[in-house]
Amino acid sequence: MDDRKNKIRVLEDRVKILEEENNALSNRVEEMLLLNLINESFESITDETVLLQSVLEKISILKNITYCACYDYSSGKCICIVQYCALLNIEPCQGALLFSNELIEEFNHEPIIRFKVKQRPDAFNFVHTDNLFEPNEFLALTFHTRILEKGVFVFISNGNSAATFSTDLHPFHQIIQIVVEKWDRLCLLNELQKLNHELEDRVKSRTKELQQSEEKYRQLFNVANDAIFLWEIVNEEMIGCIELNDAAHKLTGYSLDELATINPFMLIDDKYSEKEKRILEKKFLKPSSIYKATIKGKYKPISLEVHTRRFSLLNRELILAICRDISEQQAYERSIVEARNKAVESEKLKSAFLANMSHEIRTPMNAIVGFSELLGQDKMSENEVKMYSDIIFKNSMHLLNLINDIVDYSKIEAEQVHIYNEAININELISELSINMISMLHNASKNHIDVLTHTPLNNSASVILTDGTRLRQVLSNLINNAIKFTDKGFIEIGYKVKEAFLEFFVRDTGIGIEKEHQEKVFERFVQLRNEQAVNVGGTGLGLAICSNLVEKMKGKMCLSSNSGKGSTFYFTIPYVVND
């Protein structure tokens, strides 16, 4: 009997051991299944809230835990992140779990808190819409993540069921560790994605700014008035132009394609010697330089002021050349120099003129005063009186002509000369001037010189509208010069009809004018002297006055002359017939 009891007792112990092993194995399988389900769900979850909701739901189902939740107590108050309640069908769970301050403080010091709700009824208060749930056992496991400083997982079993928490909390720790690691990875991924988006936005913004900046400088580059070239250089050898603006193309006529493989030194103008070209090349290759040079444009040579700057960009050696067309500036500078030279020459001529005027005025005045005194003597013959009177008259006329020239030119300079057109018969004028010329030649003891006239128009066609006084003055002046400088041959006065103009001329066979001096004779104060015309006198204003008067009458004066063979002075005036 005792043996039988012992056998029964052994069998009962064996059954009990097997039940415990079975329960342990069941729990282990359950834990492995839970961990496997959680790991599988992690593959597709990219949001931490969804992650927590999924984990809590699986724990609730497999562990038969009625209420599962995750709270944030970083601020001293518990804020629900996500919760799951198996007995409440409404999602999300509408229940509210309110923790006491003592329990929250306990979260700060204890990683695991576990108690029967009946033992600590004031630890928390659970408010929900149904009365199906009666809290039994409370379990809290604290944790922290990258973004959550203080967090706690809360599990509450249902008092209406027989389920209780296992004494072994290792599975919970494993699950929480897996969740926290996954949470951290999600947070890290989210941060990386956020940083990536921010970086992409910054790159887009910076790219847009660079594009706008490039467009701005491209516009400034192209609208610049100066020509801008960008040349590439490799091992001190010029490769070609890689960029030029619109002003450069307009100035030189070359396109970028035409300059892409051209050495800029090939554009140096041929007027420079080889030595000068080498000097310009050295200046161009310096780190920075400013110089002037003439280059061969596509259509014409161009004078430039060149500013160069050498620099490196993206492992490329470049030379920026900014060029300004100074052709007009140089022309202006030349005109300034010419004007200065003319002013200096004019000043010299004026000084010479004043010195000459002093002599020209003093000479006839001395003759007038001297011979006037002689006329006052008592004993003089009739011939002497006549001779002295003639001398006084001639010197008075000479002085009067000098004064008239000075007064006329002063009026011209002050623009006080006006042209008054009237009807005048030019045939009669030529005839009258020829008679006066015969008289003047007689007085100058040049009776051997012939006087010729040329009047192709008849009397009716020779009556024109012009300023007769000024026309007479110009012709008289030219006749006086012809008489002065002609010692033999003839003097001819006349005109020709040339379309809408009359061309008057005075031709002589005098000493003539050398070709290099012909342009100067119409300038003021100019007197050409040679061995044959030393004592002819005059102010040097006569031809200048004539030229200005002809221009006032809307004509032009010129001359044709050969030294030693004579001269012909021409001038034109409009041919307007008097109706």
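Residues numbered from 1 in each chain as written. Predicted model: local features only at pLDDT ≥ 70, side-chain atom pairs only at ≥ 80, totals over all residues. Heavy atoms only, no water.

Trainee: It is not clear to me how the layout of surface pockets should be interpreted in this structure. Could you clarify?
Mentor: One way to see where empty space is left: roll a probe the size of a water molecule over the atoms. Looking at the second largest pocket, its volume works out to about 330 Å³. Considering the residues around the second largest pocket, the lining is formed by 13 residues, among which Arg218, Phe221, Leu230, Glu243 and Leu313 are closest to the centre. Counting only elements with at least two residues in the lining of the second largest pocket, the list comes to α4 (170–223), β9 (237–244), β11 (301–313) and β12 (316–325). By residue class, the composition of the lining of the second largest pocket is 9 nonpolar, no polar and 4 charged. (1 Å grid on protein atoms, 1.4 Å probe; cavity = no way out; pocket = protein on both sides within 12 Å on 5 of 7 lines; lining within 4 Å. Points joined across faces, edges and corners; volume = space filled by probe spheres on them. Helix = DSSP H or I, 4+ residues; strand = E, 2+ residues; numbered from the N terminus. Nonpolar A, V, L, I, M, F, W, Y, C, P; charged D, E, K, R; others polar.)

Trainee: Help me understand the side chain of Asn427, please; the structure alone is not making it clear to me.
Mentor: Turning to its location among the elements, Asn427 is positioned in helix α10 (residues 426–443). Overall, the relative accessible area of 10% leaves Asn427 in the buried class. Polar side-chain contacts of Asn427 include one of 3.3 Å to the side chain of Ser462. Aside from chain neighbours lying at most four places away, what touches Asn427 is Thr455, Leu457, Asn458, Asn459, Ser462 and Tyr495. (Buried < 20%, exposed > 50% of the residue type's maximum accessible area, 1.4 Å probe, protein only. Polar contact = N/O pair within 3.5 Å; in protein donor to acceptor, adjacent residues only side chain to side chain. Contact = heavy atoms within 4.5 Å.)

Trainee: Just to check I follow, could you spell out the environment of Leu244 for this structure?
Mentor: You can see Leu244 is positioned in strand β9. Along the sequence, Leu244 and Tyr254 sit 10 residues apart, while their C-alpha atoms lie 9.6 Å from each other. Those residues in contact with Leu244 that lie beyond four places of it in its chain are Phe221, Ile228, Phe229, His249, Tyr254, Ser255, Leu256 and Leu259.

Trainee: I'm lost on the sheet that holds strand β17 (residues 501–508) in this one. Help?
Mentor: Consider a sheet: its strands pair through backbone hydrogen bonds, and that pairing is either parallel or antiparallel. Strand order in the open sheet formed by 5 strands is β14-β16-β17-β19-β18, with mixed pairing between adjacent strands. The open sheet has two edge strands with one neighbour each: β14 (450–454) and β18 (557–562). Each strand of the sheet is rotated relative to its neighbour by a mean of 15°, with strand direction disregarded. Lying over the sheet, helix α11 (residues 468–485) contacts β16 (490–498), β17, β18 and β19 (566–574), oriented at roughly 20° with respect to β17. (Pairing = 2+ DSSP bridges. Axes fitted to C-alpha atoms, helices over the stretch in contact; angles between N-to-C directions.)

Trainee: Explanation requested: the nonpolar core in the structure shown.
Mentor: Nonpolar side chains tend to gather and get buried jointly when the protein is soluble and globular. Core analysis: the largest hydrophobic core is formed by 43 residues, its most contacted members being Val474, Leu475, Leu502, Phe504 and Phe571. Contributing elements (two or more residues each) for this core: α9 (382–413), α10, α11, β16, β17, α12 (542–552), β18 and β19. The leading source of residues in this core is α11, at 7 residues. If sequence neighbours within four positions are ignored, Leu475 has contacts with Leu429, Ile430, Leu433, Ile493, Phe504, Val506 and Phe571. (Core = buried A, V, L, I, M, F, W, Y, C linked by side-chain atoms within 4.5 Å.)

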